[in-house]
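Secondary and tertiary structure notes
Chain residues, written in single-letter form:
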Amino acid sequence: MSSQFKTALLLGLLTALILIVGQAMGGRQGLVIAFFFAVVMNLGSYWFSDKIVLSMYGARELSPSDAPGVHAMVEELAQNAGIPKPRVMIVAQDSPNAFATGRNPEHGVVCVTAGILRLLSPEELRGVLAHELSHIKNRDILVQSIAAVLGGAVMMMANMLQWGAIFGMGRNSDDEGGGGGGGVLGALAMALLAPIAATLIQMAISRSREYLADATGAKISGTPLALAGALGKLESYARQIPMQASPATENMFIVNPFAGVSMASLFSTHPPTEERIRRLRDMAGR
């Protein structure tokens, strides 16, 4: 199954989850209000996401005179990808990592840590930059924002459903749509399980987009083995040098900044690094 098709399928599941929770709530008014607030909050986050995250990490612009090699790589890879050259910024942290942000290719930003510039060879760094430019090319910030809008709507509606069930404000059995929906216990179960399901779907979308960025980045750079080598190093060093990062931005980085923390793969925003490396090596073999 391709990453693009899987993403579309998962977004469809999020949409279906909204309809299921809406059905459990009974009536359309609460559904419309909750979805409206989720859209407003998440679109605001999408529009200003680059400023928020760059400010959060104290990122500063990396001028061509400071890092001519990095700028040359970014310019070449942007031409290969067919997108405008993004701004290049640096975060003063020793943990090696990188991320991309910007609501569209015209506002793209590639950000690297000081640690990654010291750790990787030029060829490996080029592979990482290609991966990050792929996120911009594939409009992953937009995809993640859509997922956040839908997931946020599920969370808000589930919260409304929970309090409605507790205080007896749920729909009656003869309300529009019919059926009691399982009563108070059924409504509480839905209120608890729906946010978990939405979170798992959002994480699955994030993992799918990482696979897609790996594949696109390997094509842009023409050196899948360089990216594979970089991922191996980054995973290893992330365990040794934890990054001072916010869990809310975990999915933005090329490798999990909390790689040293044991976590079930189901609840990870990143696919297993070993599987990413295997796929890249298969691409090189073909």
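How each quantity is defined
Residue numbers run consecutively from 1 along every chain, following the written order of its sequence. Residue-level local features of this predicted model are given only where pLDDT is at least 70; pairs of side-chain atoms are given and counted only at 80 or more, and the full residue set underlies all totals for whole chains, interfaces and linings. Think of the side-chain values as coming from all heavy atoms in the structure, minus any hydrogens and water. Axis lines are fitted to C-alpha atoms, over the contacting stretch for helices. Their N-to-C directions set the angle, which ranges from 0 to 180 degrees. Helix and strand definitions follow DSSP, with helices as H or I runs of at least four residues and strands as E runs of at least two, each counted in order from the N terminus. Roughly parallel means an angle under 35 degrees; roughly antiparallel, over 145; roughly perpendicular, 65 to 115; everything else is oblique. For a crossing to be left-handed, the near helix must be turned anticlockwise from the far one by less than a right angle; the clockwise case is right-handed. Residue contacts are defined here by distance: any two heavy atoms, one from each residue, within 4.5 Å place the two residues in contact. Residue polarity follows a fixed list, in which Ala, Val, Leu, Ile, Met, Phe, Trp, Tyr, Cys and Pro are nonpolar, Asp, Glu, Lys and Arg are charged, and the others, Gly among them, are polar. We call Phe, Tyr and Trp rings a pair once their centres come within 6.5 Å, taking the six-membered ring for Trp, and we label the pair stacked below 30 degrees between planes, edge-to-face above 60, and tilted otherwise. Three exposure classes are used, based on accessible area relative to the maximum for each residue type with a 1.4 Å probe and protein chains only: buried under 20%, partly exposed in between, and exposed over 50%. Note on pairing: two strands pair once DSSP finds at least 2 bridges between them. Every residue gets a pLDDT, meaning the predictor's confidence in that residue, from 0 to 100. Patches here are clusters of residues that have more than 30% relative accessible area and form no salt bridge, with a 9 Å joining cutoff for like charges and a 5 Å cutoff for nonpolar side chains (Val, Leu, Ile, Met, Phe, Trp, Tyr). The Shrake-Rupley method, run with a 1.4 Å probe sphere, supplies the accessible areas, and residue values consider only the shown protein chains as cover. For salt bridges, the criterion is a side-chain nitrogen of Lys or Arg within 4 Å of an Asp or Glu carboxyl oxygen. A cavity here means a set of 1 Å grid points, computed over protein atoms only, where a 1.4 Å probe fits but cannot escape. A pocket is an open set with protein on both sides within 12 Å along at least 5 of 7 lines, and lining residues have an atom within 4 Å of a point. Grid points are joined across faces, edges and corners, and a volume is the space filled by probe spheres set on the points. In the analysis that follows, any N or O atom pair within 3.5 Å is treated as a polar contact, provided that within protein one partner can donate a hydrogen and the other can accept it, and provided that, for residues neighboring in sequence, both atoms belong to side chains.

**Describing the packing of helix H8 (residues 224–240) against helix H9 (residues 273–285)**
- Running from N to C, H8 and H9 point in directions that differ by 165 degrees, and their axes come no closer than 8 Å. Comparing their axes, H9 and H8 come out roughly antiparallel. Once H8 is placed against H9, the crossing between them reads as left-handed. Contact with H8, carried on its side by Pro224, Leu225, Leu227, Ala228, Leu231, Gly232 and Glu235, involves Thr273, Arg276, Ile277, Leu280, Arg281, Met283 and Ala284 of H9 and no other residues of that element.
- Among the residues forming the contact of H8 with H9, the class breakdown is 9 nonpolar, 2 polar and 3 charged.

**Side note on the packing of aromatic side chains**
- Within the structure shown, the criterion is met by 3 aromatic pairs.
- For the pair Tyr57 and Phe99, a centre-to-centre distance of 6.2 Å together with 50 degrees between the ring planes defines the contact as tilted. In this pair, Tyr57 sits in the loop between helix H2 (29–56) and strand E1 (60–61) while Phe99 sits in strand E3 (residues 98–101), placing the two residues 42 residues apart along the sequence. In this pair, the class of Tyr57 matches that of Phe99, namely buried.
- Judged by its relative accessible area of 9%, Tyr57 falls in the buried class.
- Connected via pairs of aromatic rings, a cluster forms that spans Tyr57, Phe99 and Phe253.

**Section: the sheet that holds strand E2 (residues 87–91)**
- An order of E1-E2-E4-E3 is seen for the 4 strands of this open sheet, with the pairing classed as mixed. Unpaired on one side and paired on the other, E1 and E3 mark the two borders of the sheet.
- By the bridge criterion, 2 bridges tie E1 to E2 in an arrangement that is antiparallel. Looking at E2, one finds that Arg60 is bridged to Ile90.

**Observations regarding the confidence of the model for the protein**
- With 76% of its residues at a pLDDT of 70 or more, the protein shows a mean pLDDT of 81.
- Between residues 169–181, whose pLDDT stays under 50, and residues either more than four places distant or in other chains, the model counts 21 contacts.

**Digging into a nonpolar patch on the surface**
- Taken together, the side chains of Trp47, Phe48, Ile52 and Met56 make up a nonpolar region of the molecular surface, amounting to roughly 410 Å² of accessible area.
- By the element assignment, Ile52 lies in helix H2.

**Some points on empty space enclosed by the protein**
- Overall, the coordinates contain 1 cavity of 30 Å³ or more when judged by the stated rule.
- Taken as a whole, the largest cavity encloses approximately 30 Å³ of empty space.
- If you trace the largest cavity, you find it lined by Gly102, Arg103, Asn104, Pro105, His135, Ile136, Arg139, Asp140, Ile141 and Leu142.
- Where the lining of the largest cavity is concerned, the elements lending two or more residues are helix H5 (122–137) and helix H6 (140–166).
- The element contributing the most residues to the lining of the largest cavity is H6, with 3 residues.

**Observations concerning the environment of Val112**
- With respect to the secondary-structure elements, Val112 resides in strand E4 (residues 109–113).
- C-alpha separation for the pair Val112 and Ala59, spaced 53 residues apart in sequence, amounts to 8.9 Å.
- What Val112 contacts, discounting residues up to four positions off in sequence, is Met89, Ile90, Val91, Asn97, Ala98, Leu117 and Leu129.

**A short note on the environment of Ser134**
- Looking at where Ser134 falls in the secondary structure, it is placed in helix H5.
- A sequence separation of 56 residues divides Ser134 from Ala78, and the C-alpha atoms of the two residues are 9.1 Å apart.
- Within the structure, the side chain of Ser134 is placed 2.8 Å from the backbone oxygen of Ala130, a separation counted as a polar contact.

**Comments concerning the environment of Pro224**
- Counting through the fold element by element, Pro224 comes out in helix H8.
- Given the relative accessible area of 12%, Pro224 is considered buried.
- Between the C-alpha atom of Pro224 and that of Gly127, which follows or precedes it by 97 residues, the distance is 7.3 Å.
- Excluding its chain neighbours within four sequence positions, the residues that come into contact with Pro224 are Ala218, Leu280, Met283 and Ala284.

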